[in-house]
Amino acid sequence: MPDKYKYLLPLPDFETKEWWGALRWYELVFQRCTRCQTFRHPPQGTCPRCYSEDHEWIKVSGRGILYSYITVWQPVLPQWRGDVPYNIVQVTLEDAPNIKIIGNVIGVDNSRLTINMPLVAVFDDVTQEDTILRWQPR
Ligand SMILES: [Zn+2]
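First things first, this report covers the structure right here in the doc. (Residues numbered from 1 in each chain as written. Predicted model: local features only at pLDDT ≥ 70, side-chain atom pairs only at ≥ 80, totals over all residues.)

Some points on the overall build of the chain
Alright, step 1. Counting its regular elements, the chain contains one helix and eight strands.
Alright, step 2. For the chain, whose C-alpha radius of gyration is 16 Å, the value lies close to the compact-globule estimate of 14 Å for 138 residues.
Alright, step 3. Taking the principal axes of the C-alpha coordinates as reference, the chain spans close to 45 × 30 × 25 Å.
Alright, step 4. Taking the intrachain contacts of the chain between residues at least 6 apart in sequence as the baseline, contacts between residues at least 24 apart amount to 48%. (Helix = DSSP H or I, 4+ residues; strand = E, 2+ residues; numbered from the N terminus. Rg over C-alpha atoms; globule rule 2.2 N^0.38 Å. Contact = placed C-beta atoms within 7 Å.)

Written out as structure tokens, the structure is:
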């Protein structure tokens with residue numbers, strides 16, 4: 001764990017605290033509408049399909065595939081210049097295929113990333129209180 005994490009940290013709120021709390025337990029959970037069964041992410045108050053406010057939290061396996069990716073050579077913030085190139089990916093989940101979640105793949109050179117690459121969630125404790133979801137090849 002780095003002494004001082006230089007990236008943006010989560011700011012859990014009423015709708016996202018369950019998500020961030022589950023990551024601390026190395027669990028991946030998503031809201032699922034109890035009316036139409038649609039998964040939704042990021043956590044939000046109403047279902048984008050049927051507008052119901054009812055939902056439950058469902059634990060998923062953490063298995064997914066690489067849907068899309070980019071390699072960043074020009075970082076947004078100057079303190080990230082030393083980290084380029086890095087990847088930003090979209091992952092679709094085996095258990096919630098309508099979800100596309102943004103993250104990073106670790107443990108593989110960016111040149112090895114391929115669409116449909118099988119991935120699994122990994123949980124990165126970046127501070128004593130914060131765990132960030134990342135992905136690695138499986
Ligand atoms: Zn719904």
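Considering the pairing of strand β1 (residues 28-33)
Two faces, one strand: in a regular strand the side chains alternate between the faces of the sheet.
Alright, step 1. The buried fraction of β1 amounts to five of the six residues, a majority that puts the element mostly inside the structure.
Alright, step 2. Both β1 and strand β2 (residues 39-40) contribute to a ladder of two bridges, which runs antiparallel. For Arg32, the partnering residue across the bridge sits in β2 and is Phe39.
Alright, step 3. Hairpin remark: β1 followed by β2, antiparallel, with five residues in the connecting loop; positive phi at Gln37, about 70 degrees. (Buried ≥ 20, exposed ≤ 12 C-beta atoms within 10 Å, placed from the backbone. Pairing = 2+ DSSP bridges.)

Concerning the environment of Tyr7
Alright, step 1. Turning to its location among the elements, Tyr7 is positioned in the segment before α1 (17-24).
Alright, step 2. Expressed as a C-alpha distance, the spacing of Tyr7 and Arg35, which sit 28 residues apart in the sequence, is 37 Å.

Points about the sheet that holds strand β3 (residues 55-60)
Alright, step 1. On the basis of which strands lie adjacent, the open sheet formed by three strands has the order β2-β1-β3 and antiparallel pairing. For this open sheet the edge positions go to β2 and β3, each flanked by a neighbour on one side alone.

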